[in-house]
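# Architecture and fold: a report
What follows is the residue order along each chain.
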Amino acid sequence: MADHMADPIDLGEVARSCRVSRGYFIDAFNASTGLTPHQWLIRSRLHRAQELLGSTDLPLAEIALACGFCDQSHFNRTFARRTGETPGRWRRIARRAI
C-alpha cells in the first residue's frame, strides 16, 4: 500500500493478493498496526505530504495529487483536521524553523 499511496486502494484486491478475505485483512492489519487500513493510509499520505511541503516548492495542488488526495480542497481539509494547520501555513512554519 505504501508503494501505491497516490493510487486508489481497493482493499478487496489487497486482501486477495494476501490470499485472505477482506474482513480478515482489515482485522489483521488493525491488530498489527493499531490502525485500520484507511487510517494508516491517510496518516501515510499526510506524512508524505509533510515531506514534500518541507523539501520542495511544488504547488499544493500537485502535492495533493501526488499523495493520493482527490483535489487540493480535500487535502487542505484533511491536513488541517489532523495537524491543526493548513498545508500552506504548515509549510511556512516548517521553513522558518530551518
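Below or above, wherever it landed, is the structure these notes cover. All of these numbers come straight from a predicted model, not from anything done at the bench.

## Points about the overall build of the protein chain
- Secondary structure assignment for the protein chain yields six helices and zero strands.
- Secondary structure elements of the protein chain, listed N to C terminal, follow the sequence α-α-α-α-α-α.
- Overall size of the protein chain, expressed as C-alpha extent along the three principal axes, is 45 × 25 × 20 Å.
- Per-residue burial for the protein chain yields a buried fraction of 31% across its 98 residues.
- When contacts within the protein chain are restricted to residue pairs at least 6 apart in sequence, those whose partners lie at least 24 apart make up 46%.
- For the protein chain, the exposed surface amounts to about 6,300 Å²; the carbon and sulfur share of it is 52%.
- The average position of the 14 basic charges and that of the 10 acidic charges among the side chains of the protein chain differ by 7 Å.

## Re the packing of helix H3 (residues 37-55) against helix H6 (residues 87-97)
- Their axes nearest at 9 Å, the elements H3 and H6 cross at an angle of 55°. On the basis of their axis angle, the class for H3 and H6 is oblique. Helix-helix and strand crossings are classified by hand; for H3 and H6 the assignment is right-handed. Residue-level contacts link Gln 50, Leu 52, Leu 53 and Gly 54 of H3 to Pro 87, Trp 90, Arg 91 and Arg 95 of H6.
- When its residues are assigned to classes, the contact of H3 with H6 shows four nonpolar, two polar and two charged.

## A word on the pattern of salt bridges
- On inspection of all chains with the given rule, the structure shows three salt bridges.
- Residues Glu 51 and Arg 48 are paired through a salt bridge, measuring 3.2 Å at the closest nitrogen-oxygen approach. Residue Glu 51 and its partner Arg 48 are both found in helix H3; the two are separated by three residues, about one turn of the helix.
- Residue Arg 48 is classed as partly exposed on the basis of its relative accessible area, which comes to 35%.
- Among the salt bridges present, the one from Asp 57 reaches Arg 95, with a minimum N-O distance of 2.9 Å. With a gap of 38 residues between them, Asp 57 in the loop between H3 and helix H4 (60-66) and Arg 95 in helix H6 connect regions that are remote in the sequence.
- Among the residues examined, Arg 95 registers a relative accessible area of 35% and is labelled partly exposed.

Reading the values: the criteria
- Residues numbered from 1 in each chain as written.
- Predicted model: local features only at pLDDT ≥ 70, side-chain atom pairs only at ≥ 80, totals over all residues.
- Heavy atoms only, no water.
- Helix = DSSP H or I, 4+ residues; strand = E, 2+ residues; numbered from the N terminus.
- Buried < 20%, exposed > 50% of the residue type's maximum accessible area, 1.4 Å probe, protein only.
- Contact = heavy atoms within 4.5 Å.
- Areas by Shrake-Rupley, 256 points an atom, 1.4 Å probe, with all protein chains shown as cover.
- Lys, Arg positive; Asp, Glu negative; His and termini not counted.
- Charge placed at Lys NZ, Arg CZ, Asp CG, Glu CD.
- Axes fitted to C-alpha atoms, helices over the stretch in contact; angles between N-to-C directions.
- Parallel < 35°, antiparallel > 145°, perpendicular 65-115°, else oblique.
- Left-handed = near helix turned anticlockwise from the far one by under 90°.
- Nonpolar A, V, L, I, M, F, W, Y, C, P; charged D, E, K, R; others polar.
- Salt bridge = Lys/Arg side-chain N within 4 Å of Asp/Glu carboxyl O.

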